[in-house]
Amino acid sequence: MLSVAEKSRRRFLEETPLGRTRRARKIHRILADTYPDAHAELDHRDAFELLVATVLSAQTTDIRVNSVTPALFSVYPDADALSAATHEDVEEIIRPTGFYRAKARSIVGLAQALVDHFDGEVPASLEQLVTLPGVGRKTANVVLGNVFDVPGLTIDTHFARLARRFLWTDTDNVDRIEKDVAALVPRKDWTMLSHRVIWHGRRICHARTPACGACPISALCPSFGTGELDERKARKLLRFELAEGAESAGKSDGGSRVEPTKADGLTTEHGSRSADGSANGDARTNGEDA
Ligand code: SF4
């Protein structure tokens, strides 16, 4: 007897490229409804702060980074100031983010490169950003999309995991994931798709136990059944503003506002799933719907 997860995956094995594209765009529309305020969760006031915060976010949470950056930027408000800092002074401030010695070296070196090659300003092109030490495509796209309005896909750990679960890609290679997903959604949507997918990964589609029974895109997900199917138990897995007992909308780290019904994967207008993995509602079962 097939498990729910196996049944779900089988439904999408014969999916055409057109069907996958339509399904991806439909998932994006549902995520847009579910997370209307999705945004970069690293606090920042300008490109310099977001660039440094993104480097600091490696191997830690945005919340932890946000806990140290006010102190960091009050002492070192721009590239000029940070480029002249001693590693030891920076280490003391950023210690809670982990790997603080390496990160201190990285951000001071990054600031020095900005001063040496870009007059202390953060460049607005991918080609220039990736020449900076410690800055790869992911970090560059975060800055481009959120400060310079240049669409970009941010392939972090959440995005990569969900792209595989959605069968948008079949690889762990971030460059190939970026290419595969870029082919599915319009360029203008790349930045917001990134935020919404990452928010979904943080709130519902967790790495270990995704909350499938409370997921608004369950009818379109080939990995439905990977996690908790019981709705009541699944709801207990929701995080931040979706979490049971969350005091009020907008009080989480993300400041997001999500109405309860929007998070209700079993009752939204987008389709529903029964606990045995069969799809109900308006979502077609082969991913070919518009
Ligand atoms: S929570 Fe489950 S159904 Fe929802 S996207 Fe993740 S794996 Fe798919």
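Definitions and cut-offs
- Residues numbered from 1 in each chain as written.
- Predicted model: local features only at pLDDT ≥ 70, side-chain atom pairs only at ≥ 80, totals over all residues.
- UniProt positions renumbered as here; feature names shortened; annotations may be inferred.
- Helix = DSSP H or I, 4+ residues; strand = E, 2+ residues; numbered from the N terminus.
- Buried ≥ 20, exposed ≤ 12 C-beta atoms within 10 Å, placed from the backbone.
- Contact = placed C-beta atoms within 7 Å.
- Axes fitted to C-alpha atoms, helices over the stretch in contact; angles between N-to-C directions.
- Parallel < 35°, antiparallel > 145°, perpendicular 65-115°, else oblique.
- Left-handed = near helix turned anticlockwise from the far one by under 90°.
- Nonpolar A, V, L, I, M, F, W, Y, C, P; charged D, E, K, R; others polar.
- Arc of directions from axis to C-beta.
- Near = placed C-beta within 6 Å.
- pLDDT = per-residue confidence, 0-100.
- Core = buried A, V, L, I, M, F, W, Y, C linked by C-beta atoms within 7 Å.

As annotated in an unreviewed UniProt entry, the protein is Endonuclease III from Brevibacterium jeotgali. According to the UniProt record, the Catalytic activity (unreviewed entry) comment for the protein is "2'-deoxyribonucleotide-(2'-deoxyribose 5'-phosphate)-2'-deoxyribonucleotide-DNA = a 3'-end 2'-deoxyribonucleotide-(2,3-dehydro-2,3-deoxyribose 5'-phosphate)-DNA + a 5'-end 5'-phospho-2'-deoxyribonucleoside-DNA + H(+)". What UniProt states about the protein under its Sequence similarities (unreviewed entry) heading is, verbatim, "Belongs to the Nth/MutY family."

So, on to the overall build of the protein. Looking only at helices and strands, the protein has 13 helices and two strands in total. Put simply, the protein has 290 residues, and 43% of those count as buried. Restricting the contact set of the protein to residue pairs at least 6 apart, pairs at least 24 apart contribute 60%.

Another aspect to go through is the environment of Glu231. Checked against the element boundaries, Glu231 lands in helix H13 (residues 231–237). With 18 C-beta atoms counted inside 10 Å, the residue Glu231 sits in the partly exposed group. It is 4.4 Å that separates the C-alpha atoms of Glu231 and Gly213, two residues lying 18 residues apart in sequence.

With that settled, consider the packing of helix H6 (residues 87–94) against helix H7 (residues 100–118). Taken N-terminus to C-terminus, the directions of H6 and H7 make an angle of 120 degrees; their axes are 9 Å apart at the nearest point. Regarding the angle of H6 to H7, the classification is oblique. Pair H6 / H7 crosses with right-handed handedness. Each of His87, Val90, Glu91 and Ile94 in H6 lies in contact with H7, whose residues at this interface are Tyr100, Arg101, Lys103, Ala104, Arg105, Ile107 and Val108. Looking at the contact of H6 with H7 residue by residue, the class counts come to six nonpolar, one polar and four charged.

In this section: H6. Turning to H6, its buried residues number three or more, namely Val90, Ile93 and Ile94. Viewed along the axis of H6, the buried residues span an arc of 85 degrees, placing them on a single side of the element. In H6, the exposed positions angled more than 90 degrees off the buried face are occupied by Glu88 and Glu92.

Backbone geometry at Phe99 places phi at a positive 45 degrees, although glycine is not the residue there. In the Ramachandran plot, Leu167 falls in the positive-phi region, its phi being about 60 degrees despite a non-glycine side chain. Looking at where Leu167 falls in the secondary structure, it is placed in the loop between helix H10 (157–165) and helix H11 (174–182).

The subject of this paragraph is the site of the ligand. Around the ligand, the structure places 14 residues, and the nearest of them are Cys205, Pro210, Cys212, Cys215 and Cys221. Partitioning the shell around the ligand into residue classes produces nine nonpolar, four polar and one charged.

Before going further, it helps to spend a moment on the confidence of the model for the protein. Considering every residue of the protein, the mean pLDDT works out to 87; 85% of them sit at 70 or more. Under a pLDDT of 50 for its full length, residues 248–290 has, in the predicted model, 101 contacts with residues more than four places off or in other chains.

This paragraph deals with the UniProt feature "binding site: [4Fe-4S] cluster" (unreviewed entry) in the protein. In this structure's numbering, the residues bearing the UniProt feature "binding site: [4Fe-4S] cluster" (unreviewed entry) are Cys205, Cys212, Cys215 and Cys221. Their sequence span is 17 residues, while the largest C-alpha to C-alpha distance among them is just 10.9 Å; these annotated residues converge on one region. Its place among the elements puts Cys215 in the loop between helix H12 (190–203) and H13. Turning to its location among the elements, Cys221 is positioned in the loop between H12 and H13. Judged by the 28 C-beta atoms lying within 10 Å of it, Cys221 falls in the buried class.

Let us look at the packing of helix H2 (residues 17–34) against H12. How two helices sit against one another is set out by the angle between their axes and by the gap between those axes. Orientation of H2 relative to H12, taken along the N-to-C sense of each, is 70 degrees, at an axis distance of 10 Å. Relative to H12, the element H2 lies roughly perpendicular. Between H2 and H12, the residues in contact are His28, Leu31 and Ala32 and Leu193, Arg196, Val197 and His200, respectively. Class assignment of the residues belonging to the contact of H2 with H12 gives a composition of four nonpolar, two polar and one charged.

Take the environment of Lys26 next. You can see Lys26 is positioned in helix H2. The class of Lys26 is buried, set by 21 C-beta atoms lying within 10 Å. For the pair formed by Lys26 and Leu220, sequence separation is 194 residues and the distance between their alpha carbons is 8.3 Å.

Another point: the nonpolar core. Of all hydrophobic cores here, the largest spans 38 residues; its most connected members are Ile27, Phe159, Ala163, Ala211, Cys215 and Ile217. Where this core is concerned, the elements lending two or more residues are H2, H10, H11, H12 and H13. By residue number, the principal contributor to this core is H12, which donates five residues. Setting aside anything within four residues of it in sequence, one finds Ile217 in contact with Ile27, Ile30 and Leu31.

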